[in-house]
Amino acid sequence: MEKALQTMIDNMPEKTGKSLKEWTALLKTKGFEKHGQAVNFLKKEHGVTHGFANTIVLLSKEENDEPEDLVSEQYKGKEGLFPVYDKLLETCQSFGDDITVTPKKTSVSIIRKRQFALIKPATKSRIDLGLKLKDVAPQGRLGDSGPFGTMCTHRIQLTELNEVDDEVIGWLKEAYEKSI
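We now turn to the structure provided with this report. Keep in mind that what you see is a predicted model, and the values were worked out from it rather than measured.

Considering the packing of aromatic side chains
Counting across every chain of the model gives five aromatic pairs. Ring centres 5.3 Å apart and planes at 50° place the aromatic pair Tyr-75 and Tyr-85 in the tilted group. Taken together, the residues Tyr-75 in the loop between helix H5 (67–74) and helix H6 (82–93) and Tyr-85 in helix H6 connect sequence positions ten residues apart. Assigned by exposure class, Tyr-75 and Tyr-85 land together as buried. Note on Phe-82 and Tyr-85: the rings are 5.4 Å apart at their centroids and 45° apart in plane angle, and the pair reads as tilted. Of this pair, Phe-82 and Tyr-85 both sit in helix H6, three residues apart, which is roughly one turn of the helix. Phe-82 sits in the partly exposed class, given a relative accessible area of 29%.

This is the structure in structure tokens:
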């Protein structure tokens, strides 16, 4: 399991008053049809912060699809890209404690109040980093969104760890700051 997600789960009882297992059991009794309904319930009825509420709801839905399994599956046969993924994730998490990491089947969403980055192993030798940067023109390595469509406004193609440099970190930081 990703270190940050595991830390969040470990801190859940202290920060929210219940363990993930307890929250999952409670949500099962409610039978919410939509993700947002469950998040709002946790926030309004139980005072859970947005980051924890979102994580609880996502993990309660994915009990059989553990997040670490989703990420591991993405990088099967692409293990050389994992250090790039780790560096991107570590960089995003250094921006603040209001980050939610959401592994999906083919990518990992990085969310503040809204998704601001998407990390996807596109090929065996390339990660596509999607960013939400409204009103920023594509320039240099910061290309248009490509295959991400409306999920992101821009894409940076990364093949090596050293490509996660000050320029890329600057674009990530800007996307984070615009996602409030």
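Moving on from the model shown.
What to know about the environment of Lys-21
Here Lys-21 shows up in helix H2 (residues 20–30). In this structure, the C-alpha to C-alpha distance between Lys-21 and Leu-59, residues 38 residues apart in sequence, is 9.8 Å.

Focus: the sheet that holds strand S5 (residues 143–144)
Taken in spatial order, the six strands of this open sheet run S1-S2-S3-S4-S6-S5, and their pairing is antiparallel. Because the sheet does not close on itself, it has two edges, and the strands there are strand S1 (100–103) and S5. Across six bridges, strand S3 (residues 115–123) lies against strand S4 (residues 126–131) in antiparallel orientation. Counterpart to Thr-123 in the pairing with S4 is Arg-126. Its contacts with the sheet place helix H7 (residues 166–178) against S3, S4 and strand S6 (154–158), and it is angled at close to 35° to S4.

The rules we used
The numbers attached to residues start from 1 for each chain and follow its sequence in the written order. Local features are withheld for residues below a pLDDT of 70 in this predicted model, meaning they are given only at 70 or higher, and side-chain atom pairs are given and counted only at 80 or more; totals for whole chains, interfaces and linings count all residues. Water and hydrogen atoms were dropped before computing side-chain values, which therefore reflect all heavy atoms in the structure. In this analysis, rings of Phe, Tyr and Trp, with Trp reduced to its six-membered ring, are considered paired at centre separations within 6.5 Å, and the interplanar angle assigns stacked below 30 degrees, edge-to-face beyond 60, and tilted for intermediate values. Strands here mean DSSP runs of E at least two residues long; helices mean DSSP runs of H or I at least four residues long; both are numbered from the N terminus. Only protein chains enter the calculation, and the probe is 1.4 Å; a residue is then buried if its accessible area is under 20% of its type maximum, exposed if over 50%, and partly exposed in between. Strand pairing is assigned whenever DSSP identifies at least 2 bridges connecting the two strands. What makes two residues a contact is simply this: any of their non-hydrogen atoms within 4.5 Å. Helix axes use the C-alpha atoms of the stretch in contact, all axes being lines fitted to C-alpha atoms, and the angles between their N-to-C directions lie in the range 0 to 180 degrees.

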